[in-house]
Amino acid sequence: VANLATNNGTFTIQNGRNFNPSAFFDNAGQVFISDGCTFTLNHGSITENTGRWAITSAGVLEFTGFGQTATTDNLNAGSNVSGAGTVRFSAGGAGGNTTNLAGTYSASRTEIAGGTANFNANASTTTLSLGAGNSGGTLGGTGDVTIAGLLTWNSGIMTGAGKTFANGGIAI
């Protein structure tokens, strides 16, 4: 596949840098996103996302669309998204973005802002914002999502067989 970057080792973003690869990105190793850094995936992924994504408290991992083309990111069984930082699922361009998560998910802050996040394995987060900035978005999938803190539901929909447990309450 043309324009494919594959990480089989350790990839670290630090010193306040933002990283937005101009290619498809597969992670079979470890990606560490440090404080003040953002890793933006806007080209989708191919097949090998079985690695670990670790986000520090002021770090951001974003799955987003690209222009008029719909993009899809697949984090397969064996993948692990965790940490005290933020994971954002946004639409990006007019084509939108869908992220399918089949591995472990335990990020502190989750934002769904126009994109689609399908949790196909049980997941947990401290806070979840659905439709951040009234941008819509979809929380879906077959896995259950447990929110320890507040679920803020500004806009958007929930769909799929999975259940959402808002243990810290819901603000609509």
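Provided above is the structure to which this section pertains.
Note that this is a predicted model, so its numbers are computed, not measured.

1. Thoughts on the overall build of the chain
And step 1. For the chain, the count of helices and strands is 0 helices and 20 strands.
And step 2. The C-alpha radius of gyration computed for the chain amounts to 15 Å, which stays within 12% of the reference 16 Å derived for 172 residues, consistent with globular compactness.
And step 3. For the chain, the spread of C-alpha atoms along the three principal axes comes to 40 × 30 × 30 Å.
And step 4. Carbon and sulfur atoms make up 50% of the accessible area of the chain, which amounts to about 7200 Å² in all.

2. Topic: unusual backbone geometry
For residues that are not glycine, phi is negative in most cases, and the peptide bond is trans in most cases.
And step 1. A positive phi is found at Asn15, a non-glycine position, where the angle reads about 60 degrees.
And step 2. Residue position: Asn15 is located in the loop between β2 (10-13) and β3 (18-19).
And step 3. Owing to a relative accessible area of 63%, Asn15 belongs among the exposed residues under this scheme.
And step 4. Positive phi is not limited to glycine here, since Asn134 has a value of about 55 degrees.
And step 5. Mapping Asn134 onto the fold places it in the loop between β14 (123-130) and β15 (138-140).

3. A word on the side chain of Thr138
And step 1. Here Thr138 lies in strand β15.
And step 2. Once residues lying within four places of it in the same chain are set aside, the contact partners of Thr138 are Ile112, Gly115, Thr116, Ala117, Leu130, Ile157 and Thr159.

4. Notes on the pattern of salt bridges
When the charged atoms of two side chains lie near each other, side chains of opposite charge can form a pair.
And step 1. Tallied over the entire structure, the rule returns 2 salt bridges.
And step 2. Here Glu62 makes a salt bridge to Arg88, at a shortest N to O gap of 3.8 Å. Here Arg88 lies in strand β10 (residues 80-90) and Glu62 lies in strand β8 (residues 60-63), a separation of 26 residues in the sequence.
And step 3. By relative accessible area, which is 14% here, Glu62 ends up buried.
And step 4. Taking relative accessible area as the criterion, Arg88 reaches 23% and is therefore assigned partly exposed.
And step 5. Here Arg88 ties to Glu111 by a salt bridge, and the two come within 2.8 Å at their closest N and O atoms. Here Glu111 lies in strand β12 (residues 104-113) and Arg88 lies in strand β10, a separation of 23 residues in the sequence.
And step 6. Residues joined by salt bridges that share partners form a network here, namely Glu62, Arg88 and Glu111.

5. A few points about the environment of Asn100
And step 1. With respect to the element layout, Asn100 can be found in strand β11 (residues 97-101).
And step 2. A C-alpha to C-alpha distance of 20 Å links Asn100 and Pro21, two positions 79 residues apart in sequence.
And step 3. Those residues within four positions of Asn100 in sequence are excluded, and the remaining contacts are Thr72, Asp73, Asn74, Leu75, Asn118 and Asn120.

6. Some details on the sheet that holds strand β13 (residues 116-119)
And step 1. Read across the sheet, 5 strands follow the order β9-β11-β13-β15-β18 without closing on themselves; strand pairing throughout is parallel. Every other strand in the sheet has two partners, leaving β9 (71-75) and β18 (157-158) as the edge strands with one partner each.

7. So, the pairing of strand β6 (residues 38-41)
And step 1. Side chains of β6 alternate between two faces, with Thr38 and Thr40 and Phe39 and Leu41 buried alike.
And step 2. Here 2 bridges tie β3 to β6, and the two strands are oriented parallel to one another. Across the sheet, residue Asn18 finds its bridge partner in β6, namely Thr38.
And step 3. In the sheet, β6 pairs with β8 via 4 bridges, with the strands oriented parallel. Paired with Leu41 across the bridge in β8 is Phe63.

Calculation criteria
Residues numbered from 1 in each chain as written. Predicted model: local features only at pLDDT ≥ 70, side-chain atom pairs only at ≥ 80, totals over all residues. Heavy atoms only, no water. Helix = DSSP H or I, 4+ residues; strand = E, 2+ residues; numbered from the N terminus. Rg over C-alpha atoms; globule rule 2.2 N^0.38 Å. Areas by Shrake-Rupley, 256 points an atom, 1.4 Å probe, with all protein chains shown as cover. Buried < 20%, exposed > 50% of the residue type's maximum accessible area, 1.4 Å probe, protein only. Contact = heavy atoms within 4.5 Å. Salt bridge = Lys/Arg side-chain N within 4 Å of Asp/Glu carboxyl O. Pairing = 2+ DSSP bridges.

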